[in-house]
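Descriptive analysis of the structure
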Amino acid sequence: EEEGVMNGRQVLWLVIIAGVAVWFWKSGTISKDSAPSTAPAGSASSGGTASGFAGEACLTAVEQASRRMQEAATVFARTPIDPAAFSAASDGASSAISSADGKCSGGGWTSEQRAMEEARGALSEMRAILLDLAGALSGNGSASDVPRRQESIDRHLDAARLALRG
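What counts and how
Residues numbered from 1 in each chain as written. Predicted model: local features only at pLDDT ≥ 70, side-chain atom pairs only at ≥ 80, totals over all residues. Heavy atoms only, no water. Helix = DSSP H or I, 4+ residues; strand = E, 2+ residues; numbered from the N terminus. Polar contact = N/O pair within 3.5 Å; in protein donor to acceptor, adjacent residues only side chain to side chain. Buried < 20%, exposed > 50% of the residue type's maximum accessible area, 1.4 Å probe, protein only. Expected span 1.5 Å × (residues − 1). Disulfide = S-S within 2.5 Å. Salt bridge = Lys/Arg side-chain N within 4 Å of Asp/Glu carboxyl O.

Some remarks on the environment of E63
Positionally, E63 belongs in helix 2 (residues 49-77). Separated by 37 residues in the primary sequence, E63 and A100 place their C-alpha atoms 8.8 Å from one another. Within the structure, E63 has its side chain in polar contact with the side chain of R161 (distance 2.9 Å).

Side note on the side chain of S66
You can see S66 is positioned in helix 2. The exposure class assigned to S66 is buried, which follows from its relative accessible area of 5%.

Overview of helix 4 (residues 110-138)
Counted at 1.5 Å a residue, the expected span for helix 4 with its 29 residues is 42 Å, and the 42 Å between its end C-alpha atoms agrees. One or two positions beyond helix 4, positive phi appears at G139, with a value near 85 degrees.

Description of the state of the cysteines
Note on terminology: a disulfide is the covalent bond linking the sulfur atoms of two cysteines. Applying the stated criterion across every chain, the model contains 1 disulfide. Across the disulfide from C58 sits C104; the S-S distance is 1.9 Å. Disulfide C58-C104: torsion about the S-S bond near 105 degrees, hence right-handed. Here C58 is found in helix 2, whereas its partner C104 is found in the loop between helix 3 (83-103) and helix 4, with 46 residues between them in sequence. Here C58 and C104 have matching classes, each one buried.

Observations concerning the pattern of salt bridges
By the definition in use, this model includes 7 salt bridges. In this structure, D101 and R127 form a salt bridge, with 2.9 Å as the shortest nitrogen-oxygen distance. Note that D101 is positioned in helix 3 and R127 in helix 4, a separation of 26 residues in sequence. Residue classification places R127 among the partly exposed residues on the basis of a relative accessible area of 34%. Here D145 ties to R148 by a salt bridge, and the two come within 3.7 Å at their closest N and O atoms. Beyond isolated ion pairs, a larger network of salt bridges with shared partners links E63, D158 and R161.

Quick word on the environment of V62
Within the secondary structure, V62 is located in helix 2. Counting along the chain gives 60 residues from V62 to A122, while the straight-line C-alpha distance between them is 7.7 Å.

Right, dumping it as structure tokens:
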């Protein structure tokens, strides 16, 4: 009878471990798409895995640029507006956008190219937001398009994520 209890406990632990593993897999903590590769990064023998990393690197850089751009918009939204603080935040966002732009060229396979195209669309909207905010700060424009542009950025990022998932 003790052997049956022990076996039942083992089954319970296996079910718990399997449940946690599935949760990690579904939540994205453990990637569904990429398997560990022992091929060098420059090797084409990985069947597109290296280029998949390029798509992920592009998307990560664009998401970072988006956060930096949102920080600049937050500085702009505070009253009274501190032009020096906005300039510093805007410069940081511009730098992040340029960095992301450099990571979002090329693409090895069709879905990755589509993801990078969407990412570049988001970067274009981010540049437009920074221009709108700078224009509004100098009195030569309006920031009224910022919410619409932010929605467009979100749509581009969602489409890029979807394209990378295949």
